[in-house]
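Descriptive analysis of the structure
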Amino acid sequence: MLLRLSRILPTRKPFNIVPGRLLSAEATKTKKPRKKASKHDQQEDMAVKYTESQAGLWAAEQSRTGPKAAGVWYQPYVIVASLVVFMLYFCVIREENDIDLELQKSLYDRIEGLEETQLRISRTYNLENGLDVKDIDARLRELGAKI
């Protein structure tokens with residue numbers, strides 16, 4: 001089968017098989033010997049002392065919080081004062097409007113028949129599980145529903 005595939009799909013370069021890798025013949029050729037390392041290259045190959053490196057000067061806080069943002073010293077006080085004024089207006093000074101009155105309504109007042117349906121479902125569940133249904137029956141009678 002491999003022989004057939006090689007006839008059908010001609011390859012441009014021969015491949016050498018290395019365990020775990022497939023390398024082209026050009027990649028397996030030996031390379032030219034390196035020139036002698038210069039003094040600069042030798043310094044790069046040497047170990048760097050931590051205390052003399054840039055990493056030694058780095059504070060861990062900078063990794064967690066990032067750089068400190070430049071801002072005026074009174075900025076937090078202005079923000080807190082603004083929030084206090086807004087909350088005083090919104091919670092104390094402001095008068096109720098029609099939207100506030102609508103939000104105070106119960107869901108049962110908005111959807112006709114919802115309370116009765118929910119009470120019937122609760123009653124069925126309580127009967128199946130041997131729980132008390134007196135309060136549910138009383139509320140159903142108040143609504144004028146048949147039990």
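One structure accompanies this document, and this report is about it. (Residues numbered from 1 in each chain as written. Predicted model: local features only at pLDDT ≥ 70, side-chain atom pairs only at ≥ 80, totals over all residues. Heavy atoms only, no water.)

1. Overview of the side chain of Asp 100
Note on placement: Asp 100 falls in helix H7 (residues 98-103). Classification of Asp 100 as buried rests on a relative accessible area of 16%. Every residue in contact with Asp 100, bar those within four places of it in the chain, is listed here: Arg 94 and Glu 95. (Helix = DSSP H or I, 4+ residues; strand = E, 2+ residues; numbered from the N terminus. Buried < 20%, exposed > 50% of the residue type's maximum accessible area, 1.4 Å probe, protein only. Contact = heavy atoms within 4.5 Å.)

2. Observations regarding the side chain of Glu 115
Along the chain, the position of Glu 115 falls in helix H9 (residues 114-128). Ignoring sequence-local partners within four residues, the contact set of Glu 115 consists of Tyr 108, Arg 139 and Leu 143.

3. Observations concerning H9
Compared with the 21 Å implied by 1.5 Å per residue over 15 residues, the 21 Å span of H9 between its first and last C-alpha is a close match. Of the residues making up H9, those classed as buried are Glu 115, Leu 119 and Asn 126. Along the long axis of H9, the arc covered by the buried residues comes to 30°, so they all point the same way. Opposite the packed face of H9, turned more than 90 degrees from it, sit the exposed residues Ile 121 and Glu 128. (Expected span 1.5 Å × (residues − 1). Arc of directions from axis to C-beta.)

4. Brief notes about the pattern of salt bridges
According to the stated counting rule, one finds 7 salt bridges in the structure shown. Notably, a salt bridge pairs Asp 137 with Arg 123, separated by 2.5 Å at the nearest N-O pair. In this pair, Asp 137 is assigned in helix H10 (residues 134-143) and Arg 123 in helix H9, connecting sequence segments 14 residues apart. On the accessibility criterion, Asp 137 (11% relative accessible area) is buried. The class for Arg 123 is partly exposed, based on a relative accessible area of 21%. Note that Glu 142 and Arg 139 form a salt bridge whose closest N and O atoms lie 2.8 Å from each other. Taken together, the positions of Glu 142 and Arg 139, both in helix H10 and 3 residues apart, correspond to about one turn of that helix. Judged by its relative accessible area of 60%, Glu 142 falls in the exposed class. Note on Arg 139: relative accessible area 29%, which makes it partly exposed. Put simply, Glu 102, Lys 105 and Arg 110 are held in one network by salt bridges that share partners. (Salt bridge = Lys/Arg side-chain N within 4 Å of Asp/Glu carboxyl O.)

5. A few points about the packing of H9 against H10
H10 packs onto H9 with a crossing angle of 155° between their chain directions and a minimal axis gap of 10 Å. Between H9 and H10, the angle is such that the two are roughly antiparallel. Judged by the twist between their axes, the crossing of H9 over H10 is left-handed. Counting all contacts with H9, which are made through Glu 115, Glu 116, Leu 119, Arg 120, Ser 122, Arg 123 and Asn 126, the residues of H10 involved are Ile 136, Asp 137, Arg 139, Leu 140 and Leu 143. (Axes fitted to C-alpha atoms, helices over the stretch in contact; angles between N-to-C directions. Parallel < 35°, antiparallel > 145°, perpendicular 65-115°, else oblique. Left-handed = near helix turned anticlockwise from the far one by under 90°.)

6. Focus on the packing of aromatic side chains
Within this structure, the stated rule accounts for 2 aromatic pairs. Ring geometry for Trp 73 and Tyr 74: centres 5.3 Å apart, planes at 85°, overall edge-to-face. Summarising the aromatic geometry, the rings of Phe 86 and Phe 90 are spaced 5.8 Å apart at their centres and angled 20° between planes, so their arrangement reads as stacked. Of the two residues, Phe 86 and Phe 90 both sit in helix H6 (residues 75-93), 4 residues apart, roughly one turn of that helix. On the basis of relative accessible area, Phe 90 is assigned to the partly exposed category, the value being 43%. The side chain of Arg 94 reaches across the aromatic face of Phe 90, ending 4.7 Å from its centre. (Phe/Tyr/Trp six-rings, centres within 6.5 Å; stacked < 30°, edge-to-face > 60°. Lys NZ or Arg CZ within 6 Å of the ring centre and 35° of its normal.)

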